[in-house]
Amino acid sequence: MWYLCVFYHRLLDYRKPEVESLAHLFGAFEDEQNGDVPSQLQWKLPIHHHPDSPFHFVNLPSEQVARSIANRSILVKGMYELWGEGGSYEELKDSVLSYPDERKLPYLEAGSTFKITVDSFGKVMSLNEQKELIQGLAYIPFKGQVKLKNPDHNFWLIEIDNYGRNNGLPPIVQRRIFFGREVGGADRKLIPTYQLKSRTYLGPTAMDAEMAFLMANQALATSGKLIYDPFVGTGSILVGAAHFGALTMGADIDIRVVRDGRGPNCNVWSNFEQYGLPMPVGLLRADNNRPPWRSGLKEIFDAIICDPPYGVRAGGRKSGGRKLLKGAVEPYVVPDDKRTDHIPSTAPYSLVECVHDLLDLAAKMLAMRGRLVFFYPVLRDDDCAETHFPEHPCFKLISSSEQILSSRYSRVLLTMVKVGAYTKEIAEAARLKHLEFRENHVKWLQDGNLHSAVFSPIDAQLPEAGDSKFIKDPKPKYRGKYV
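Description of the structure in this document. (Residues numbered from 1 in each chain as written. Predicted model: local features only at pLDDT ≥ 70, side-chain atom pairs only at ≥ 80, totals over all residues. Heavy atoms only, no water.)

1. Considerations on the overall build of the protein
Logical step 1: Within the protein, the regular secondary structure consists of 15 helices and 17 strands.
Logical step 2: Carbon and sulfur atoms make up 50% of the accessible area of the protein, which totals about 24200 Å². (Helix = DSSP H or I, 4+ residues; strand = E, 2+ residues; numbered from the N terminus. Areas by Shrake-Rupley, 256 points an atom, 1.4 Å probe, with all protein chains shown as cover.)

So this is what it looks like as structure tokens:
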């Protein structure tokens, strides 16, 4: 059945992938049970709508699936059973009256309560205007009682303004009006509850709460699943996964972060305690370049989600130290009496090497059809070659969602699903793909020098007097898709 899916108008690249992932989580596809490659939902746009519009139609197998997706989602404002639509209120009336009575009457009965909400996109309506519009729906035979708090049924009248007054919003050629019954909607109260400014223990790379929840949804985090973050830091990503009931486990190369924090009441564990979440199964001091797992251990994690250190806010480190890696000193064993306070020496860890190690770890340790969800940086430069995302024979890339962070670079959330078992032959094929990836990519990634590329000064070119292309256009224009 087709439902009207209304998104929050933000993080536009992330909206459909989140719904697609949640559809897999709640069993919308039969092919997953047969081990096939994940399917995609059917989507279509309302008439005259831009692809970046927050209004989309999506085909879902049942109302229960639609409700589960909407209630779990972070970016779905509402999911609606559409009773009618039109370019005017006369067209809307004809559309609603032609909707089958067997679909409408169960929600109009005398013993029920209901509420009608008027919403708009691209314009503001006064309370008097909203009241008049609600009174104009008298042709719908509501027999129940109005109840503004917790009614049995929520109905929405949504009006979208046309292109002439878009005010920087996606262009819409003609006005469109929708009326439907709410099936479900996101609980945005999670965002202020988990906001970073009230978090007990923070670091410079702590993940924003909204993004952590999106990553958890992409990873299909739910009760009974074990989720691992190899760059756990202060645990902000795992907090999002734990909120949805998943078991969590993390590792970091900095023992001071995972063991000590800022004291007994300000550490990674206290972040979970703050929200009443189950504690992580374990936090390890471990190096992604030299993982601690025994050779025969494999396929124990249901998902790996992380934000690898790519050198903007923090650079990657691996075990060894410069002298040790160059062979200037021999490997050594730390005496027992000094192990408690010993901080192992580290060396720079390039992004190319980091991503290769991450894919290799995920190929070994993820269960079949497990998900790898991680951020990957992209330099936004006209002179750059086409972006090449990392690949691995064990994985299929199912979504890539870009978030522009500055005029110089953006980050892309990559979601991969494991579709093949890890073998020696696969490992060799992955090594060759990695070499090809390095050759095809731009120089800043090979050198691990993203920080310099992002923060290097740019000579501002001032416009010459009378240059018409720099004259400000008074007409509002669509801002683009990354808001």
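Moving on from the model shown.
2. Digging into empty space enclosed by the protein
Empty space left among the atoms is revealed by rolling a probe the size of a water molecule over them.
Logical step 1: By the definition in use, this model includes 4 cavities of 30 Å³ or more.
Logical step 2: One number sums up the size of the largest cavity: a volume of about 70 Å³.
Logical step 3: Lining the largest cavity, in full, are V352, V355, H356, L359, P390, E391, H392, A430, K433, H434 and F437. (1 Å grid on protein atoms, 1.4 Å probe; cavity = no way out; pocket = protein on both sides within 12 Å on 5 of 7 lines; lining within 4 Å. Points joined across faces, edges and corners; volume = space filled by probe spheres on them.)

3. Re the layout of surface pockets
Logical step 1: Put simply, the largest pocket is a space of about 790 Å³.
Logical step 2: Lining the largest pocket are 42 residues, with T205, G233, D252, P309 and A314 sitting closest to its centre.
Logical step 3: At the level of secondary structure, the elements contributing two or more residues to the lining of the largest pocket comprise helix 8 (236-243) and helix 9 (255-260).
Logical step 4: Broken down by element, the lining of the largest pocket gets its largest block of residues, 3 residues, from helix 9.
Logical step 5: A breakdown of the residues in the lining of the largest pocket according to their chemical character gives 21 nonpolar, 12 polar and 9 charged. (Nonpolar A, V, L, I, M, F, W, Y, C, P; charged D, E, K, R; others polar.)

4. Here's the deal with the packing of aromatic side chains
Logical step 1: Counted under the stated rule, the structure contains 19 aromatic pairs.
Logical step 2: Between F57 and F178, the aromatic rings sit 6.3 Å apart at their centres with planes inclined by 80 degrees, giving edge-to-face as the arrangement. Linking F57 in strand 3 (residues 55-59) with F178 in strand 8 (residues 176-184), this pair joins segments that are 121 residues apart in sequence.
Logical step 3: Residue classification places F57 among the buried positions, given a relative accessible area of 7%.
Logical step 4: The exposure class of F178 is buried, given its relative accessible area of 1%. (Phe/Tyr/Trp six-rings, centres within 6.5 Å; stacked < 30°, edge-to-face > 60°. Buried < 20%, exposed > 50% of the residue type's maximum accessible area, 1.4 Å probe, protein only.)

5. A few points about the sheet that holds strand 11 (residues 282-285)
Logical step 1: Strand order in the open sheet made by the 7 strands is 11-10-9-12-15-17-16, with mixed pairing throughout. Of all strands in the sheet, those with a lone pairing partner are strand 11 and strand 16 (395-404), marking the two edges. Sheet twist, expressed as the average angle between the axes of neighbouring strands with direction ignored, equals 15 degrees.
Logical step 2: By the bridge criterion, 4 bridges tie strand 9 (residues 226-229) to strand 10 (residues 247-252) in an arrangement that is parallel. Of the residues in strand 10, the one forming a bridge with L226 is L247. (Pairing = 2+ DSSP bridges. Axes fitted to C-alpha atoms, helices over the stretch in contact; angles between N-to-C directions.)

6. Thoughts on the nonpolar core
Logical step 1: Among the nonpolar cores identified, the biggest contains 76 residues, and F301 and L372 are the most heavily contacted of them.
Logical step 2: In terms of residue count, helix 12 (residues 351-365) provides more of this core than any other element does, 9 residues in total.
Logical step 3: Each of domain 1 (2-187) and domain 2 (191-332 + 343-455) contributes no fewer than three residues to this core.
Logical step 4: For F301, the contacting residues outside a window of four places in its chain are L226, Y228, M249, W293, M365, L366 and A367.
Logical step 5: C5, A28, W43 and V58 belong to the second largest nonpolar core, which has 19 residues in total. (Core = buried A, V, L, I, M, F, W, Y, C linked by side-chain atoms within 4.5 Å. Domains from an automatic or database assignment. Contact = heavy atoms within 4.5 Å.)

7. Looking at the pattern of salt bridges
Logical step 1: Taken as a whole and assessed by the stated rule, the structure comprises 18 salt bridges.
Logical step 2: Between R259 and D260 there is a salt bridge whose closest N-O contact spans 2.9 Å.
Logical step 3: One salt bridge in this structure joins R431 and E428, with 2.8 Å as the shortest N-O distance. One end of the pair is R431 and the other is E428, both in helix 13 (residues 424-440) and 3 residues apart, which spans about a single turn.
Logical step 4: Through salt bridges that share partners, E63, R67, E81, R103 and R181 make up one connected network. (Salt bridge = Lys/Arg side-chain N within 4 Å of Asp/Glu carboxyl O.)

8. Topic: the pairing of strand 3
Logical step 1: The buried fraction of strand 3 is high, at 4 of 5 residues.
Logical step 2: Summarising the sheet, strand 1 (residues 2-7) and strand 3 pair through 5 bridges and their orientation is antiparallel. Each bridged residue has a counterpart across the sheet, and for V6 the counterpart in strand 3 is F55.
Logical step 3: Here 3 bridges tie strand 2 (residues 42-44) to strand 3, and the two strands are oriented antiparallel to one another.

9. A short note on the state of the cysteines
Logical step 1: In total, this model carries 0 disulfides according to the counting rule given.
Logical step 2: Residue C354 stays outside any disulfide, its sulfur separated by 7.5 Å from that of C306, the closest cysteine.
Logical step 3: Judged by relative accessible area, C354 falls into the buried class, the value being 1%. (Disulfide = S-S within 2.5 Å.)

10. Some remarks on the packing of helix 7 (residues 209-218) against helix 8
Packed helix pairs are specified by the crossing angle of their axes together with the interaxial distance, meaning the distance between the axes.
Logical step 1: At a minimum axis separation of 8 Å, helix 7 and helix 8 run at an interaxial angle of 60 degrees. Judged by the inter-axis angle, helix 7 sits oblique to helix 8. Both helix 7 and helix 8 take part in a crossing whose hand is right-handed. The segment helix 7 lies against helix 8, with A212, F213, M215 and A216 engaging S236, I237, G240, A241 and H243. (Parallel < 35°, antiparallel > 145°, perpendicular 65-115°, else oblique. Left-handed = near helix turned anticlockwise from the far one by under 90°.)

11. Some points on the environment of C306
Logical step 1: Here C306 is to be found in strand 12 (residues 301-306).
Logical step 2: In sequence terms C306 and L372 are 66 residues apart; their C-alpha atoms lie 8.5 Å from each other.

12. Some words on unusual backbone geometry
Logical step 1: Here the phi dihedral of E299 falls at roughly 50 degrees; this positive angle occurs in a residue that is not glycine.
Logical step 2: Examined against the element boundaries, E299 turns out to sit in the loop between strand 11 and strand 12.
Logical step 3: Positive phi is not limited to glycine here, since R369 has a value of about 70 degrees.
Logical step 4: Of note, R369 is situated in strand 15 (residues 366-379).

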